[in-house]
Amino acid sequence: MEEDYIAFSISVLTLFLLTLYVSEAEGQRQPLVSALYVFGDSTIDPGNNNFLETIVKSDFPPYGRDFPYGQPTGRFTNGRLITDQLYLLPASLDPEFQGQKLMTGASFGSSASGYVDSTSTPLNVLPLERQVKNFKHYKVRLAEEFGYETTNRTIAQALFAISGGTNDFANNYFTSPLTRKKYTVEQFQDLLLESLTVFIQVKVFSYMTTVSFHIFKILRCINLVLCDQNVYSEGATTVAIVGLPPFGCLPSQITLHNIVENTCVEEFNEVASSFNAKIKALVEKMRPNFPRALIAYLDIYDKLLDIIKSPTKYGFEEPRKGCCGTGLLEAAISCNPSTISCLNPSKYVFWDSFHPTTECYQIIANDLFQQYLAFFNSSMPRS
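Residues numbered from 1 in each chain as written. Predicted model: local features only at pLDDT ≥ 70, side-chain atom pairs only at ≥ 80, totals over all residues. Heavy atoms only, no water.

Asker: Teacher, can you tell me more about the confidence of the model for the chain here?
Answerer: Detailed reading of predicted coordinates is not advised where the pLDDT is low. With 81% of its residues at a pLDDT of 70 or more, the chain has an overall mean of 85. Contacts for the low-pLDDT stretch residues 1-19, under 50 throughout, to residues beyond four places or in other chains number 31 contacts. The model gives residues 21-29 a pLDDT under 50, and that stretch makes 12 contacts with residues more than four places away or in other chains. (pLDDT = per-residue confidence, 0-100. Contact = heavy atoms within 4.5 Å.)

Asker: Teacher, can you tell me more about the packing of helix α12 (residues 301-309) against helix α13 (residues 358-379) here?
Answerer: A pair of packed helices is characterised by two quantities: the angle between their axes and the separation of those axes. The contact between α12 and α13 brings their axes to 9 Å, and the two run at 140°. Between α12 and α13, the crossing angle belongs to the class labelled oblique. α13 is crossed by α12, and the crossing has right-handed handedness. On the side of α12, the interface is formed by Lys-303, Leu-304 and Ile-307, while α13 contributes Cys-360, Ile-363, Ile-364 and Asp-367. The residue inventory of the contact of α12 with α13, partitioned by class, reads 5 nonpolar, no polar and 2 charged. (Axes fitted to C-alpha atoms, helices over the stretch in contact; angles between N-to-C directions. Helix = DSSP H or I, 4+ residues; strand = E, 2+ residues; numbered from the N terminus. Parallel < 35°, antiparallel > 145°, perpendicular 65-115°, else oblique. Left-handed = near helix turned anticlockwise from the far one by under 90°. Nonpolar A, V, L, I, M, F, W, Y, C, P; charged D, E, K, R; others polar.)

Asker: What exactly am I supposed to notice about the packing of helix α11 (residues 266-286) against α12 here?
Answerer: Interaxial distance between α11 and α12 falls to 11 Å at its minimum, and their mutual angle equals 155°. One way to sum up the angle between α11 and α12 is to call them roughly antiparallel. Facing α11, whose interface residues are Glu-266, Asn-269, Ala-272, Ser-273 and Asn-276, α12 presents Tyr-301, Leu-305 and Lys-309. A per-class count over the contact of α11 with α12 returns 3 nonpolar, 3 polar and 2 charged.

Asker: What am I meant to see in the side chain of Asp-41 here?
Answerer: In this fold, Asp-41 is placed in the loop between β3 (36-40) and β4 (105-107). With no salt bridge to any partner, buried Asp-41 finds its closest opposite charge in Arg-75, at an N-O distance of 13 Å. Polar side-chain contacts of Asp-41 include one of 2.6 Å to the side chain of Thr-43. Beyond its immediate sequence surroundings of up to four residues, Asp-41 is in contact with Ser-110, Ser-111, Ala-112, Ser-113, Ser-163, Gly-164, Gly-165, Thr-166 and Asn-167. (Buried < 20%, exposed > 50% of the residue type's maximum accessible area, 1.4 Å probe, protein only. Lys, Arg positive; Asp, Glu negative; His and termini not counted. Salt bridge = Lys/Arg side-chain N within 4 Å of Asp/Glu carboxyl O. Polar contact = N/O pair within 3.5 Å; in protein donor to acceptor, adjacent residues only side chain to side chain.)

Asker: Where do I start with the sheet that holds β3 in this structure?
Answerer: Backbone hydrogen bonds hold the strands of a sheet together, and the pairing may be parallel or antiparallel. If you walk across this open sheet you meet the 5 strands as β4-β3-β5-β6-β7, and the pairing is parallel. Strands with a single pairing partner mark the edges of an open sheet, and in this sheet they are β4 and β7 (294-298). Sheet twist, expressed as the mean angle between neighbouring strand axes with direction ignored, is 15°. Pairing analysis gives 5 bridges linking strand β5 (residues 159-163) to strand β6 (residues 238-242), with the strands arranged parallel. Each bridged residue has a counterpart across the sheet, and for Ala-161 the counterpart in β6 is Ala-240. Here helix α3 (residues 128-146) sits on the sheet in contact with β3, β4 and β5, set at roughly 155° to β3. (Pairing = 2+ DSSP bridges.)

Asker: Could you clarify how one ought to interpret helix α5 (residues 166-173) in this entry?
Answerer: Buried residues dominate α5, accounting for 7 of its 8 residues. Of all the residues in α5, the buried ones are Thr-166, Asn-167, Asp-168, Phe-169, Ala-170, Asn-172 and Tyr-173.

Asker: Any chance you could explain the side chain of Asp-367 here in plain terms?
Answerer: Here Asp-367 is to be found in helix α13. Lys-303 provides the closest opposite charge to the buried, salt-bridge-free Asp-367, at an N-O distance of 4.4 Å. Ignoring any residue separated from it by four or fewer positions in sequence, one finds Asp-367 in contact with Asp-299 and Lys-303.

Asker: Teacher, can you tell me more about the nonpolar core here?
Answerer: Side chains of nonpolar character tend, in soluble globular proteins, to be buried together. Among the nonpolar cores identified, the biggest contains 85 residues, and Tyr-37, Phe-39, Tyr-138, Phe-169, Leu-196, Ile-241 and Phe-247 are the most heavily contacted of them. Broken down by element, this core gets its largest block of residues, 10 residues, from α13. Contact partners of Phe-39, with chain neighbours within four places excluded, come to Ile-44, Phe-108, Gly-109, Leu-128, Gln-131, Val-132, Phe-135, Phe-160, Ala-161, Ile-162, Ser-163 and Phe-199. Judged by nonpolar contacts, the second largest core, of 12 residues, contains Phe-60, Cys-324, Cys-335 and Cys-342. (Core = buried A, V, L, I, M, F, W, Y, C linked by side-chain atoms within 4.5 Å.)

Structure representation (structure tokens):
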């Protein structure tokens, strides 16, 4: 069964790569997605936290034991992340992120970060605001290295993705009495939604206009709905928003909040599900205001929940515990070189108590890519 999913993974990724090209006149083909820029938390952070003064790190064994050469890179899993299934995206803070590497995109994400600053600041990780500022600095570097025209084209044709929100609830709202006293669940959801809205409308699109490149004016026109059709047609951007997972099923959350029943915390899953519904509603509301942009909602909840509820269907045997240590609470520094880990992570849904194994990430990545393909195909004008 597991081998079937691996074979299926290859076919899906091949299909995805093939769709990243469009035919032009005289048979020429041009990349449809020029680069990939991702923002968010540990689900997409390949090692930015390595360069921060924070305890939230994973640049030591046994993390990375199934990465090429068994190298711990700062990824919070045994191997590759979701984005790595398509391309080994570099960390934007890595000093080696320079030269030609600048052209294909980067991850600006930071493990343990969230949509609101109160989630990120106590741990000294990069809040969303700082991630986008780092992207702004990156654009300047790209222009200095390759010129305005190349920068224009790369940014305008790139895919932007954001994956976050879990830490806001698991490590902030449901662990902080002060936060719960200040906000109801619904109010806190709306606070996160407001941050996400600002990220898309103001930070992503408007920051693309802060440098006076011609193509950036297009996205500003999209935001203000003031530009003419010719300028409009020169470029657009694609934003993919990944929803919340069923974080009530994370091993750490079951251990901390439902150890007696030893099952998923349904209250948390309901919060995730209702928040995802709000994200979808936000996306639908925003699309008419950004007619030349493609804004996609990608669901991670259903597939991960199905994996947890029916693990053998996907080749897994252990959905409750992580591979590292007892699998009940270990993560980050408590999953370290002296921690005994399982022999075969491919049989585990989770690597540590908070993060899936690379084998699980691969299945989730396939599902997300299929969702993106379906969205992209449905958004293309019909001749």
